[in-house]
Amino acid sequence: MRKYSKVIAGAVVALVFVGTFVFLYRKSLPKPVTYTEFVAKVGDIRRTTVITGKIEPRDEVSVKPQVSGIISEIMKEPGDRVEAGEVIAKVKVIPDMSQLSSAQSRVRLASINLKQAETDFGREKALHDKGVVSDEEYDKVRQTLSQVREEMAAAEDALQVVRDGISRSNASASSTLIRSTIAGVVLDIPVKVGNSVILSNTFNDGTTIASVADMGDLIFRGNIDETEVGRLKTGMPMKITVGALQNLVFDAVLEYISPKAVDNNGANQFEIKAAVSLSGGGQMRSGYSANAEIVLDEARRVVTVPESAVEFSGDSTFVYVVSGGGKEKKYGRRQVQTGLSDGVSIGIKSGLKEGETVRGPQVVAADDDK
């Protein structure tokens, strides 16, 4: 029994030894080297960059009151369309006490002057009717009465404006009616009924009643890195994509490049603006995040190969052109002159023709023993 056990153990050891030898021998054998191959084709190469920004109306107007007071009524809501001169809100005037006192004093003085002028006119008229006073003197007294009456009306209007913000003579142009200064869409109304508002003056900008903009005239605003801004020029076409509007692409034309850089997280960037065409459809809203793709450089109808098939050696570039087939396949090293690259494909200016096959990166063989 022991004899058979020794034989079996020896056979196992021999089998392990032989298996290890075969494994190491197979591992030591040189593996065939294979490469990917690409056919040179004629095509277009574009070098593009993507700029992140947002959509804004070209002109956004802040509508402010001409008088201080309290919002008594709001006629519009954000999103409503308004025309120039259309009323957005009403303001109830809270009069300044010093101005109110001065206006009241002016009315009282005008009333006293009017009574006196009427008395003088009555006396002068009676004497004129008897022929005692000449026409010239009578006309002077009548003119004085007219002037005093006009002053009385002006004083009353001034009092009404100070007290109510409106007078009988200018009711249609009342400063208590807050009107839109342009035709467009109401973007925001940051006040509510009952809020106090103040007019713009030397010391403050005044309260914004509403923001109005023409949503038919939009621009894309973004920033581009200083390494790419040198390739831009006004008039270049752009493609705008908005994340909120899927499958829609809008055309745009670059119309402004800032002459001054701004610091953005340690990088120098330049602001750009582009006029957006809304012919693509979709409801555009102010503040949408958007990406603008712009072609920095372009080469049309050139021979192209994948950039991974090109060998860069100093200032020279080479490709390995495939010749022959099967066991006779050879790779001949050939110098070429390269052109524009988009990061994936590269243009070949000279040294390679359309239809020729070039060698690409080596194919890594699969390990059969794993």
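The numbering scheme is per chain: residues are counted from 1 as the chain's sequence reads. Residues qualify for local features only when their pLDDT is at least 70, as the model is predicted, and side-chain atom pairs are given and counted only at 80 or more; totals for whole chains, interfaces and linings, by contrast, use all residues. The side-chain values count all of the structure's non-hydrogen atoms but skip hydrogen atoms and water molecules.

Brief notes about the overall build of the protein
Helices and strands together make up the secondary structure of the protein, namely four helices and 20 strands. Residue exposure (1.4 Å probe, protein chains only): buried if accessible area is under 20% of the type maximum, exposed if over 50%, otherwise partly exposed. Here the protein, with 370 residues, has 29% of them falling under the buried criterion. Residue contacts are defined here by distance: any two heavy atoms, one from each residue, within 4.5 Å place the two residues in contact. The contacts in the protein between residues at least 6 apart in sequence include a share of 71% that link residues at least 24 apart. For the accessible areas, the method is Shrake-Rupley and the probe is 1.4 Å, while residue cover comes only from the protein chains on display. For the protein, the accessible area works out to roughly 23400 Å², and carbon and sulfur atoms hold 51% of it. Helix and strand definitions here come from DSSP, where helices need a minimum of 4 consecutive H or I residues and strands a minimum of 2 consecutive E residues; each element is numbered from the N-terminal end.

Some points on the pairing of strand S19 (residues 345-350)
At least two bridges found by DSSP between two strands are what make those strands a pair. Strand direction decides the pairing type here: strand S15 (residues 289-306) and S19, joined by four bridges, are antiparallel. Bridged to Val 303 within S19 is Ile 348. Bridge count for strand S18 (residues 330-341) against S19 is three bridges, and the pairing is antiparallel. Considered in S19, the bridge of Thr 338 is made with Ile 348. Hairpin connection from S18 to S19: three residues lie between these consecutive antiparallel strands, with Gly 343 at a positive phi of about 95°.

Some details on the nonpolar core
Ranked by internal contacts, the top residues of the largest apolar core, which has 27 residues, are Ile 55, Phe 220, Met 238, Ile 240 and Val 242. Elements with a contribution of two residues or more to this core: strand S2 (41-57), strand S11 (218-225), strand S12 (237-242), strand S13 (249-264), strand S14 (267-276) and S15. With near-sequence residues (within four places) excluded, Val 242 lies in contact with Ile 55, Leu 248, Phe 250, Met 284, Tyr 288, Ser 289 and Ala 290. We define the nonpolar core as a collection of buried residues of types Ala, Val, Leu, Ile, Met, Phe, Trp, Tyr and Cys that are connected through side-chain atoms lying within 4.5 Å of one another. In terms of nonpolar packing, the next biggest core, distinct from the first, is built from 16 residues, Ile 71, Ile 88, Ala 89 and Val 197 among them.

So, the packing of aromatic side chains
Working definition: rings of Phe, Tyr and Trp (its six-membered ring) pair if their centres are within 6.5 Å, and the pair is stacked with planes under 30 degrees apart, edge-to-face with planes over 60 apart, and tilted otherwise. Here the structure, examined in full by the defined rule, presents one aromatic pair. Plain terms: the ring middles of Phe 121 and Tyr 138 are 5.7 Å apart, the flat faces sit at 35° to each other, and that makes the pair tilted. With a gap of 17 residues between them, Phe 121 in helix H2 (residues 97-129) and Tyr 138 in helix H3 (residues 135-164) connect regions that are remote in the sequence. The residues Phe 121 and Tyr 138 share a single accessibility class, namely buried. In this scheme, Lys NZ or Arg CZ marks a charge over a ring once it lies within 6 Å of the ring centre and within 35 degrees of the ring normal. The aromatic ring of Tyr 320 is capped on one face by Arg 359, whose charged end is 4.0 Å from the ring centroid. The lysine or arginine in question, Arg 359, covers the ring of Tyr 331, its NZ or CZ lying 5.3 Å from the ring centre.

Structural notes on the sheet that holds strand S3 (residues 60-63)
Spatial ordering of the open sheet is given by S3-S10-S8-S5, a layout of four strands whose pairing is antiparallel. Two strands close off the open sheet at either side, each with one partner strand: S3 and strand S5 (81-82). Sheet analysis places S3 next to strand S10 (residues 210-213), joined by four bridges and oriented antiparallel. By the bridge assignment for S10, Val 61 is matched with Val 212.

Brief notes about the environment of Glu 118
Along the chain, the position of Glu 118 falls in helix H2. In this structure, Glu 118 is in contact with Leu 145 and Arg 149, ignoring residues within four places of it in sequence.

Some thoughts on the side chain of Thr 317
Inspection of the secondary structure assignment puts Thr 317 in strand S17 (residues 316-323). According to the relative accessible area criterion, Thr 317 is buried, its value standing at 8%. Within the structure, the side chain of Thr 317 is placed 2.6 Å from the backbone oxygen of Val 336, a separation counted as a polar contact. When neighbours within four sequence positions are excluded, Thr 317 is seen to be in contact with Val 310, Glu 311, Phe 312, Arg 334, Gln 335, Val 336, Gln 337 and Thr 338. Pairs of N or O atoms are called polar contacts if they sit within 3.5 Å, as long as, within protein, a hydrogen donor faces a hydrogen acceptor (for residues adjacent in sequence, only side-chain-to-side-chain pairs).

Considering the confidence of the model for the protein
Reading fine detail from the predicted coordinates is not recommended where pLDDT is low. In this model, the protein carries a mean pLDDT of 83, and residues with pLDDT of at least 70 account for 84%. Values of pLDDT, the confidence the predictor places in each residue, fall between 0 and 100. The lowest-confidence element of the protein is helix H1 (residues 2-28), averaging 65 in pLDDT; the highest-confidence one is S10, averaging 94.

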